[in-house]
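# Observations on the three-dimensional arrangement
Spelled out from the first residue to the last, the chains are:
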Amino acid sequence: MPKRILLKLSGEALAQQGERGIDPKALKDIAQEIKSALKTKCQLAIVIGGGNIWRGVRDGGGIINRVNSDNMGMMATIINALALQSALEDAGAPTRVLTSINVYQLAEPFIRRKAIRHLEKGRVVIFAGGTGNPFFTTDSAAALRASEIKADLVLKATQVDGVYDSDPKKNPKAKLIKEITYEDAIKRGLKFMDTAALALCLENKFPLCVFNLHKKGNIKLAVSGKKIGTTIY
């Protein structure tokens, strides 16, 4: 069974489908799923996106430049991390938020050794603020943090059942891919994760599981090493 796991959650997971902001019910449901997964005795770190609040350049409308827009997105991830922390602690899971952007009154600064120590003490660690730099996605942040804490497995919870050969929301005949190598995923230009993140995962040789967040029990199955969704290796 994998011991140290990094879970990537999209910000959209915290909102009602097609809406923005944070939905308390969605937040509570995710916290309960994570609490259930912790019964496997894994060490769990989480990277969360901010798309439910701010979608970077797409929301900038050509008025806000890329750097400022990305910085706003990183702050959105901090808002989501604090919300998830509250929900997890309400569910009884000890949690720490570590952020790459210094907001001392709200969260601890990211320090690799401190993050690992929190994990060893059984705390869920939520990494916020992306990489701390513009031009990088939270997928890249997930791959980076997984590399730094030496994760055994990376999980990406999505809105669909895994990785498809085309967009299943646009193509009803899209086929689910059960297993694929990082090299093939990059060559085929599959869009489930950005290329920089895939390259970093490949370099550090940890497996990646992409699965449907909205199926109850999937997080626990994934952290237990069960074959669900798509495995990339």
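For the structure itself, consult the block above.
Residues numbered from 1 in each chain as written. Predicted model: local features only at pLDDT ≥ 70, side-chain atom pairs only at ≥ 80, totals over all residues. Heavy atoms only, no water.

### Topic: the overall build of the protein chain
For the record, the criterion: Helix and strand assignments follow DSSP, with helices taken as H or I runs no shorter than four residues and strands as E runs no shorter than two, numbered in order from the N terminus. For this analysis, residues touch if any pair of their heavy atoms sits within 4.5 Å. Only the protein chains shown count as cover for residues, with accessible areas throughout obtained via the Shrake-Rupley method and a probe of 1.4 Å. In this tally, Asp and Glu contribute negative charge and Lys and Arg positive charge; neither His nor the terminal groups of the chain are included. A single reference atom marks each charge: NZ on Lys, CZ on Arg, CG on Asp, CD on Glu.
Each helix and strand counted, the protein chain has eight helices and eleven strands in total. Taking the principal axes of its C-alpha atoms as reference, the protein chain extends roughly 50 × 50 × 35 Å. A separation threshold of at least 6 residues defines the contact pool for the protein chain, and within that pool the share at least 24 residues apart is 71%. For the protein chain, the accessible area works out to roughly 11,600 Å², and carbon and sulfur atoms hold 52% of it. Computing the positive centroid from 36 side-chain charges and the negative centroid from 22, the protein chain places the two 4 Å apart.

### What to know about helix 5 (residues 138-148)
Where we set the bar: Think of it in three bands: with a 1.4 Å probe and only protein chains considered, a residue is buried below 20% of the maximum accessible area for its type, exposed above 50%, and partly exposed in between. Residues adjacent in sequence count toward polar contacts only when both atoms are side-chain atoms; beyond that, a polar contact is any pair of N or O atoms within 3.5 Å, and within protein one must be able to donate a hydrogen and the other to accept it.
With nine of eleven residues buried, helix 5 lies mostly within the body of the structure. Residues of helix 5 that are buried: Thr138, Asp139, Ser140, Ala141, Ala142, Ala143, Arg145, Ala146 and Ser147. Among the residues of helix 5, the N-terminal cap falls to Thr137, whose side-chain oxygen and the backbone nitrogen of Asp139 are separated by 3.2 Å. Directly after helix 5, the chain includes Lys150, whose backbone phi takes a positive value near 55 degrees.

### Quick notes on unusual backbone geometry
Even without glycine at this site, Lys41 takes up a positive phi of about 70 degrees. With respect to the helices and strands, the residue Lys41 is situated in the loop between helix 1 (24-37) and strand 2 (43-48). A positive phi angle is found at Lys150, which is not glycine, with a value near 55 degrees.

It is worth stressing that arrangement in space is one thing and function is another; only the former is reported here.
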